[in-house]
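Coordinate analysis (summary)
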There are 8 protein chains.
Amino acid sequence: MKKVGLVMGSISDLGAVQPAIDLLKELEIPFEAHVYSAHRSPAEAAAFAKGARENGFGVLIAAAGKAAHLAGALAAQTTLPVIGIPVKSSTLDGLDALLSTVQMPSGLPVATVAIDGSYNAAMLAAQIISLSDAQLADKLDKQRASMHDSVLEKDAELQKKLQ
Amino acid sequence: MKKVGLVMGSISDLGAVQPAIDLLKELEIPFEAHVYSAHRSPAEAAAFAKGARENGFGVLIAAAGKAAHLAGALAAQTTLPVIGIPVKSSTLDGLDALLSTVQMPSGLPVATVAIDGSYNAAMLAAQIISLSDAQLADKLDKQRASMHDSVLEKDAELQKKLQ
Amino acid sequence: MKKVGLVMGSISDLGAVQPAIDLLKELEIPFEAHVYSAHRSPAEAAAFAKGARENGFGVLIAAAGKAAHLAGALAAQTTLPVIGIPVKSSTLDGLDALLSTVQMPSGLPVATVAIDGSYNAAMLAAQIISLSDAQLADKLDKQRASMHDSVLEKDAELQKKLQ
Amino acid sequence: MKKVGLVMGSISDLGAVQPAIDLLKELEIPFEAHVYSAHRSPAEAAAFAKGARENGFGVLIAAAGKAAHLAGALAAQTTLPVIGIPVKSSTLDGLDALLSTVQMPSGLPVATVAIDGSYNAAMLAAQIISLSDAQLADKLDKQRASMHDSVLEKDAELQKKLQ
Amino acid sequence: MKKVGLVMGSISDLGAVQPAIDLLKELEIPFEAHVYSAHRSPAEAAAFAKGARENGFGVLIAAAGKAAHLAGALAAQTTLPVIGIPVKSSTLDGLDALLSTVQMPSGLPVATVAIDGSYNAAMLAAQIISLSDAQLADKLDKQRASMHDSVLEKDAELQKKLQ
Amino acid sequence: MKKVGLVMGSISDLGAVQPAIDLLKELEIPFEAHVYSAHRSPAEAAAFAKGARENGFGVLIAAAGKAAHLAGALAAQTTLPVIGIPVKSSTLDGLDALLSTVQMPSGLPVATVAIDGSYNAAMLAAQIISLSDAQLADKLDKQRASMHDSVLEKDAELQKKLQ
Amino acid sequence: MKKVGLVMGSISDLGAVQPAIDLLKELEIPFEAHVYSAHRSPAEAAAFAKGARENGFGVLIAAAGKAAHLAGALAAQTTLPVIGIPVKSSTLDGLDALLSTVQMPSGLPVATVAIDGSYNAAMLAAQIISLSDAQLADKLDKQRASMHDSVLEKDAELQKKLQ
Amino acid sequence: MKKVGLVMGSISDLGAVQPAIDLLKELEIPFEAHVYSAHRSPAEAAAFAKGARENGFGVLIAAAGKAAHLAGALAAQTTLPVIGIPVKSSTLDGLDALLSTVQMPSGLPVATVAIDGSYNAAMLAAQIISLSDAQLADKLDKQRASMHDSVLEKDAELQKKLQ
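Residues numbered from 1 in each chain as written. Chains lettered and ligands numbered in written order. Predicted model: local features only at pLDDT ≥ 70, side-chain atom pairs only at ≥ 80, totals over all residues. Heavy atoms only, no water.

Attention now goes to the interface of chain G and chain A. With 21 residues of chain G in contact, the opposing surface of chain A contributes 21 residues. Both sides of the chain G and chain A interface together cover about 1,900 Å² of buried area, and 64% of this is carbon and sulfur. Across the chain G-chain A interface, the total number found is 0 salt bridges. At the boundary of chain G and chain A, one finds 9 residue pairs in polar contact (both at pLDDT 80 or more). (Contact = heavy atoms within 4.5 Å. Buried area = accessible area lost by both parts, 1.4 Å probe. Salt bridge = Lys/Arg side-chain N within 4 Å of Asp/Glu carboxyl O. Polar contact = N/O pair within 3.5 Å; in protein donor to acceptor, adjacent residues only side chain to side chain.)

This is how it looks when you write it as structure tokens:
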């Protein structure tokens, strides 16, 4: 199975990124996680992305806040799909990170998920990898069914509560 | 090769979506394009997404404006990756479509590209499909190299101009 | 009397929705409350809305946050009036939910109330039902009068305080 | 059948309001349209709303731009449902009118539709009136079905185009 | 001396308004403070504003949050200058109140101060009244001079600290 | 009668300011208009404001766009009331000018009107001056009555049109 | 004299950048202008910035729109001051470029000027270089004086016009 | 070495400014810090900026919140580079200060850093001064290298953690 490469701009983003790590583990998708900054270690970030396809990666995920350039910096070095997680910081409620991540120029997409949406970033990576892994596709279908059932259970509980 | 399913919420979005169609053709990626509305033909939109994986699709792309629910509505019916194109309409400069597309709840990602970014949506779809198609990966690398060279040519032209 | 159907996208919205439940009880308007997600249980949400008119509902209310598609998803399945409550979540201060709820395309209105405005959603539902229920109209007039008197009392108290 | 009262803050809003007038005529819903300003003729606006229920109105619609107080000013005088149309003006792309219309205080809802969404305002009024008018409900169902079919036709045309 | 009329839309705004009350007392400007809501007691609010000039008021101040119509509602009833204080509420950080207060239509200005700027509202009222009260003008000049001196003192303290 | 001092940051603002000039002339309020920039001629702007009260001015009006500091710069030099007109420029739809004008710190209010609201700025100045000029107060009342009548005429015309 | 390095992300930014080029020529400041994209030619952009100090540059200027990473990408490779020009594109009125440029993480400043503010970017570069070039400082003082005089002339013209 | 002049609009900004002071000390760059308000002590602020170049300053830094005019007010008095720090206050999350600082008119740039970005303001000042101080340039390069190494260390720690 292709690996997921999960890059965070700062170790302080680890908390925001943890749900992605947990989901990848749960789905048994191989991954590497790294701290590489688009600004403080640009060469390492670039090298990681440049070599990603031949090093067995299928998808990259980047999490960064404020002027969040990390996902775009990775996308500039690879034609693998790159997923961007805009991380909310102390001002502007994540809007700066969202716009910095999603508004990429023509030819260099970043697949952007919700602000602080690291769980969804891992889910999207899993969906991408599932295209060539029927077993993973199956897991995703089961997980979706379980989400569905959980909603119905909550509804049933609510009906009891309201009686 | 897996097909791309390109859905627009209204035929009036065809202009905004055309660059995606053109790129898919250029890259010789098989695709279907449809007009299905999350609100005016919800059953058809849902059925299309629900059957997409077994009908040979690998990625879905949805383009919609304003309260842009289409990508999310497709994502609710499949575990295939779904790409969302927020389309700018006559008010709010596309911000409404962007937030409606990207801010998806936990478990149901939409891979969002820039406002009116249909070219990038197709490029992202191609990157995803390239994971299991070395020839397409090769095309993408060549296309990227050509983008790179074009920038250098423009720089060279600028140098002449400025002398 | 026609029933109100109150749908929340997640059980975690129950707190935000409680003021609506309380007001409907206070006004003795029959209602059902459900947890149905536009994304996690789309079929149930659609079926509920599709059958609503013949199942004796007069108004639907939907509460959801972030890319809040629930009200729109219900509106796509019924010609009953649908009221949307944009719920504030951890980022963007409810602006995402507001725009996702209110900016509906032509032909499919959602009657949107203020962010976290569930009390007003129930009040609006009551106003709609009051069109064919003189007794309820009367209650609403009394309640309005009591709101009015309460303002005057507060003013009177303020006058004492300021002397 | 109950009448719809359609109020615009200025005669310059007539263009923005015309789609509502056209739909009400098409659906054969009786209506009155008026120019009453919350600021320039507050007494007339208030009197109109105050007497609306006993004068045979079932729903009020108010269209206004900028600091759009009109819908709220009507809502302050009646317990009929009041629908607000935020009208885009020369600055801020309608955001000022949207927030001024939708963010009403507790107890006084305004059923807000999209910016410049006068067609939807009339549709919402029709949906409300349809609760006690089976024939109108029928018309709305037919109109919805026709919207649905029109989408499928557009899709069929697109398939031909793409062959 | 002309009186200042200070109106708040809800008694819950008293905290936000207190700095205005304190400054008016400090400057010995006669004032009345009232709780009148544009929506819950519109007649009282209108009557207060309509009679304000002949009842000896020179300036009105209105404080309200969310869809903040109060200042505009007063301005509709008088040609006295009306000052608006946009009050921040639980969502949107006061932007809704600011736009609802400041974006008034042609002919009906509201003199808007900063979000939660009640101290400045009272100061502006004092400046207006000072036009025909030399003693008050003098007080304002002294107060301004004292503000100036306080800045210089703070700077002097900072110099000591930094040595 | 006290004079109005109308300052624009650039001669290019003259068009935006013209409605204020026209209204001041119509109301026969004496005024001076000047081009003084907070940034390009700060000393002249400061001197004008500093001497304004003793030079017979009663109100200052400042019009500026972008980082609109002019009104605040005048307010820093006088205890006269200062009215700010945020002027829309080529980006951000006037939001920058609005926030730069209205969000003044404690002690230094700027009476802010709507974006591009120069007519209202002059009206507000007239209202302020009317406090000590009964004849002007009378004119304002007449003008308000004429605005009111004009709305009713428009409504009457609309009734004819709709028959 | 140290050179200014002016980099644009795309040749389509040349129009937006022209005022900077013109001012640098006018002030006789040596400069190079290049088209290097942070995303399409990241290696060239990085190499240019990395070698800038020893190649005789004193300041870098970067102009880019949308998710404007260019200034940040240069800043990551040099400790020279880097000036960022956010360029307005077809959506969001330049807000995306502004936030992507200015909200840089700790340790890597970008000196951001106004949206589309390329003239000011060159002026800022000139101010920086003037620190070690008394003649340039002199030119800047003269240019400032001429700006000042031009405002006074405009004011004088206005006085004639208004008589 | 040229001095840095660090001005805050209020002593309450000292906390926000402290990281700048600390970095200047660490880099052994001579500086003066002052409390001067653009509004409460405009003459002192202007005099400080006007004399700055001949008093040995090379760069000015201004920190202010809300309608943040301080940086612009200094820029109006000197042709030295002026750096602006937008300080977040209790409403609008710093957006008001950012726009008030960055959107300067043609000819008067303010080098704006991130909201609450005082550390970066000092870094930018250091970069500017480093143009004529090879030793400082060296320190900056070392500091940058240490930032780089710290990222790699964090990555190494993460690898251990994830095993």
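Turning next to the pattern of salt bridges. All names here are of chain A. Overall, the coordinates contain 32 salt bridges over all chains when judged by the stated rule. Lys 139 is the salt-bridge partner of Glu 28, the closest N and O atoms lying 3.0 Å from each other. Taken together, the residues span a long stretch of sequence, with Glu 28 in the loop between helix 1 (14-26) and strand 2 (31-35) and Lys 139 in helix 6 (residues 134-162) at a distance of 111 residues. (Helix = DSSP H or I, 4+ residues; strand = E, 2+ residues; numbered from the N terminus.)

In the superposition of chain G on chain A (RMSD 0.0 Å, axial shift 0.0 Å), the rotation amounts to 180 degrees. The operation mapping one copy onto its partner corresponds to a two-fold rotation axis. Considering only C-alpha atoms, the residue of chain G closest to the rotation axis is Ser 100 of chain G, which sits at 2.5 Å. Interface overlap between copies: 100% of the residues of chain G at the interface are likewise at the interface in chain A, consistent with a symmetric, same-surface contact. (Least-squares fit on C-alpha atoms with pLDDT ≥ 70 in both.)

Counting buried residues along helix 4 (residues 95-102) of chain E, 7 of its 8 residues qualify, which places the element largely inside the surrounding structure. Three or more residues of helix 4 of chain E are buried, namely Asp 96, Ala 97, Leu 98, Leu 99, Ser 100, Thr 101 and Val 102 of chain E. (Buried < 20%, exposed > 50% of the residue type's maximum accessible area, 1.4 Å probe, protein only.)

The next point concerns the interface of chain B and chain A. Each partner contributes residues to the interface: chain B has 41 residues there, and chain A has 41 residues. The junction of chain B with chain A conceals about 3,300 Å² of combined surface from both sides, 59% of it contributed by carbon and sulfur atoms. The largest share of the area that chain B buries against chain A comes from Thr 79, Leu 131 and Arg 144 of chain B, three residues that together contribute 20% of it. One can count 0 salt bridges joining chain B with chain A. Elements with a minimum of two residues in the side of chain B that touches chain A: strand 3 (57-65), helix 4 (95-102), strand 5 (111-112), helix 5 (118-129) and helix 6 (134-162) of chain B. Per-element tally for the side of chain B that touches chain A: the top contributor is helix 5 of chain B, with 6 residues. Counted by class, the side of chain B that touches chain A contains 25 nonpolar, 12 polar and 4 charged residues. (Nonpolar A, V, L, I, M, F, W, Y, C, P; charged D, E, K, R; others polar.)

The subject of this paragraph is the relation of the copies chain B and chain A. Overlaying chain B on chain A yields an RMSD of 0.0 Å, the required transformation being a rotation through 180 degrees with an accompanying axial translation of 0.0 Å. Of all interface residues in chain B, 100% are interface residues in chain A too; the two copies therefore contact each other through one and the same surface.

For the rest of this paragraph, the subject is the layout of surface pockets. Counted as a void, the largest pocket has a volume near 1,100 Å³. Along its surface, the largest pocket is lined by 40 residues, and Leu 95 of chain A, Leu 95 of chain C, Leu 95 of chain D, Leu 95 of chain E together with Leu 95 of chain H are the ones closest to its centre. Those elements that place two or more of their residues in the lining of the largest pocket are helix 4 (95-102) of chain A, helix 4 of chain B, helix 4 (95-102) of chain C, helix 4 (95-102) of chain D, helix 4 of chain E, helix 4 (95-102) of chain G together with helix 4 (95-102) of chain H. Empty space within the second largest pocket amounts to approximately 960 Å³. Among the elements that take part in the lining of the second largest pocket, helix 2 (residues 42-50) of chain C stands out by supplying 7 residues, more than any other. Looking at the lining of the second largest pocket residue by residue, the classes come out as 18 nonpolar, 15 polar and 12 charged. (1 Å grid on protein atoms, 1.4 Å probe; cavity = no way out; pocket = protein on both sides within 12 Å on 5 of 7 lines; lining within 4 Å. Points joined across faces, edges and corners; volume = space filled by probe spheres on them.)

Now for empty space enclosed by the protein. All told, the structure shown has 2 cavities of 30 Å³ or more when counted by the stated rule. Here the largest cavity is characterised by a volume of approximately 80 Å³. In terms of lining residues, the largest cavity is bounded by Lys 2, Ile 128, Ile 129, Leu 131 and Ser 132 of chain A together with Lys 2, Ile 128, Ile 129, Leu 131 and Ser 132 of chain B. Breaking the lining of the largest cavity down by element, the ones donating at least two residues are helix 5 (118-129) of chain A together with helix 5 of chain B. Size it by volume and the second largest cavity reaches roughly 30 Å³. Among the secondary structure elements, those contributing two or more residues to the lining of the second largest cavity are helix 5 (118-129) and helix 6 (134-162) of chain D. Top contributing element to the lining of the second largest cavity by residue count: helix 6 of chain D, with 4 residues. Residue classes in the lining of the second largest cavity are distributed as 3 nonpolar, 4 polar and 1 charged.

It is worth spelling out the packing of aromatic side chains at this point. Residues and elements named next belong to chain A. This model, assessed by the stated rule, comprises 16 aromatic pairs over all chains. Taking 5.1 Å as the distance between ring centres and 65 degrees as the angle between the ring planes, the aromatic pair formed by Phe 48 and Phe 57 counts as edge-to-face. Residue classification places Phe 57 among the buried residues on the basis of a relative accessible area of 2%. Site record: aromatic cluster; members linked through ring pairs are Tyr 36, Phe 48 and Phe 57. Above the plane of the ring of Phe 57 lies Lys 3, whose end atom (NZ or CZ) is 4.3 Å from the centre. (Phe/Tyr/Trp six-rings, centres within 6.5 Å; stacked < 30°, edge-to-face > 60°. Lys NZ or Arg CZ within 6 Å of the ring centre and 35° of its normal.)

Okay, the confidence of the model for chain A next. Do not read the fine detail of predicted coordinates wherever pLDDT is low. Looking at chain A, the pLDDT average stands at 97 and 100% of residues meet or exceed 70. Scoring of the predicted complex yields 0.98 for pTM and 0.98 for ipTM. (pLDDT = per-residue confidence, 0-100.)

Turning to the side chain of His 34 of chain H, a few remarks are in order. If you trace the backbone, His 34 of chain H turns up in strand 2 (residues 31-35). Given a relative accessible area of 7%, His 34 of chain H falls into the buried group. Those residues in contact with His 34 of chain H that sit more than four places away from it in its chain are Asp 155, Leu 158 and Gln 159 of chain E together with Leu 6, Val 7, Met 8 and Phe 48 of chain H.

This paragraph deals with helix 6 (residues 134-162) of chain G. For helix 6 of chain G, with 29 residues, the first-to-last C-alpha span of 42 Å sits near the 42 Å given by 1.5 Å per residue. Leu 136, Ala 137, Leu 140, Gln 143, Arg 144, Met 147, Val 151, Asp 155 and Leu 158 of chain G are the residues of helix 6 of chain G that are buried. Residues of helix 6 of chain G that are buried make contact with strand 1 (3-8), helix 1 (14-26) and strand 2 (31-35) of chain F, helix 1 (14-26) and helix 5 (118-129) of chain G together with helix 3 (70-75) of chain H. By the N-cap criterion, in which a side-chain oxygen at the helix start approaches the backbone nitrogen of a residue two or three places on, helix 6 of chain G is capped by Asp 133 of chain G, the distance to Gln 135 of chain G being 3.1 Å. (Expected span 1.5 Å × (residues − 1).)

Moving on, we come to the side chain of Asp 133 of chain E. All names here are of chain E. Along the polypeptide, Asp 133 turns up in the loop between helix 5 (118-129) and helix 6 (134-162). We note that Asp 133 is buried and unpaired, the nearest opposite charge coming from Lys 139 at a distance of 7.3 Å. Of the polar contacts made by the side chain of Asp 133, one reaches the backbone nitrogen of Leu 136; its length is 2.9 Å. (Lys, Arg positive; Asp, Glu negative; His and termini not counted.)

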